[in-house]
Amino acid sequence: MENRMENNKETFEYTYSAKQQQEIESIRKKYLPKEEDKMERIRKLDREAERPGMIASLATGVIGALILGIGMCCTMVWGESLFVLGIFVGVLGIALTAAAYPLYKKVTKTQREKVAEQILALTNELSL
């Protein structure tokens, strides 16, 4: 009889899946309205300050490398008549490529000066 009672016991099983709960929460966050906190605002301002300098320096570097390539073609491929011109064009390309990093530094510094007041105010609020 005792054996029969054990077989008739009703049981309740609950399985918890942390992975599933994380997935549910990540999907839920996609549909909630965005609330930008102060730390995220600081990060965004910092990225916005660096972006113009990065774009300008990349464009200058790429254009400089292309001009350097044209100069190399003048000296090595297109014959002796364009050799001297190729050297001048190549030097111009090297100068543009070399100017990319100083350009990045200058533009980024200027942009950071524009947002410095906002970033400092936000960091002061967060550090209190």
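Note that the structure is predicted; figures quoted are calculated from it, not measured. (Residues numbered from 1 in each chain as written. Predicted model: local features only at pLDDT ≥ 70, side-chain atom pairs only at ≥ 80, totals over all residues. Heavy atoms only, no water.)

Trainee: For the pattern of salt bridges, give the residues involved together with the corresponding values.
Mentor: Applying the stated criterion across every chain, the model contains five salt bridges. The salt bridge involving Arg 43 is made with Glu 40; its shortest N-O contact spans 3.7 Å. On the criterion of helical spacing, the pair formed by Arg 43 and Glu 40 is a turn pair, its members being three residues apart in helix H3 (residues 38–76). Between Arg 112 and Glu 50 there is a salt bridge whose closest N-O contact spans 2.5 Å. Of this pair, Arg 112 sits in helix H4 (residues 83–127) while Glu 50 sits in helix H3, and the two are 62 residues apart along the sequence. Put simply, Glu 40, Arg 43 and Arg 47 are held in one network by salt bridges that share partners. (Salt bridge = Lys/Arg side-chain N within 4 Å of Asp/Glu carboxyl O. Helix = DSSP H or I, 4+ residues; strand = E, 2+ residues; numbered from the N terminus.)

Trainee: Which residues make up the packing of aromatic side chains, and what are the values?
Mentor: Enumeration over the complete set of coordinates arrives at one aromatic pair. Pairing Tyr 101 with Tyr 104 gives two aromatic rings, centres 6.3 Å apart and planes at 25 degrees, and the pair type is stacked. With Tyr 101 and Tyr 104 both in helix H4 and three residues apart, this pair spans about one turn of that helix. By relative accessible area, which is 54% here, Tyr 101 ends up exposed. (Phe/Tyr/Trp six-rings, centres within 6.5 Å; stacked < 30°, edge-to-face > 60°. Buried < 20%, exposed > 50% of the residue type's maximum accessible area, 1.4 Å probe, protein only.)

Trainee: Which residues make up the side chain of Thr 108, and what values go with them?
Mentor: Examined against the element boundaries, Thr 108 turns out to sit in helix H4. If near-sequence neighbours (up to four positions away) are discounted, Thr 108 is found in contact with Ala 49, Glu 50 and Gly 53. (Contact = heavy atoms within 4.5 Å.)

Trainee: I'd like a description of the nonpolar core, backed by residues and values.
Mentor: Listed in full, the six residues of the largest apolar core are Ile 42, Leu 45, Ala 49, Val 115, Ile 119 and Leu 122. Put simply, the parts of the chain that give this core at least two residues each are H3 and H4. Aside from chain neighbours lying at most four places away, what touches Ile 42 is Ile 119, Leu 122, Thr 123 and Leu 126. (Core = buried A, V, L, I, M, F, W, Y, C linked by side-chain atoms within 4.5 Å.)

Trainee: Describe in detail H3, supporting the description with residues and values.
Mentor: For H3, which comprises 39 residues, the first-to-last C-alpha distance of 57 Å matches the rise-based estimate of 57 Å (1.5 Å per residue) to within 8%. At Glu 50, H3 shows its largest bend, some 25 degrees, and a proline, Pro 52, comes one to four positions later. Every buried residue belonging to H3 is among Ile 42, Leu 45, Ala 49, Gly 53, Ser 57, Thr 60, Gly 61, Gly 64, Gly 71 and Cys 74, and all of these are buried. Next to the buried residues of H3 lie H4. (Expected span 1.5 Å × (residues − 1). Bend = angle between axes of the 7 residues up to and from the residue.)

Trainee: Before we move on, can you summarise the packing of H3 against H4 with the specific residues and values?
Mentor: Taken N-terminus to C-terminus, the directions of H3 and H4 make an angle of 175 degrees; their axes are 7 Å apart at the nearest point. The angle between H3 and H4 falls in the class roughly antiparallel. Class assignment of the residues belonging to the contact of H3 with H4 gives a composition of 27 nonpolar, 15 polar and six charged. (Axes fitted to C-alpha atoms, helices over the stretch in contact; angles between N-to-C directions. Parallel < 35°, antiparallel > 145°, perpendicular 65-115°, else oblique. Nonpolar A, V, L, I, M, F, W, Y, C, P; charged D, E, K, R; others polar.)

Trainee: Explain the environment of Ala 65 to me, using residue names and the numbers behind them.
Mentor: Turning to its location among the elements, Ala 65 is positioned in helix H3. Here the alpha-carbon distance between Ala 65 and Thr 97, two residues 32 residues apart in the chain, equals 6.2 Å.

Trainee: Go over the side chain of Thr 60 with me, naming the residues and quoting the values.
Mentor: Within the secondary structure layout, Thr 60 lies in helix H3. Setting aside chain neighbours within four positions, we find Thr 60 in contact with Leu 96, Ala 100 and Leu 103.

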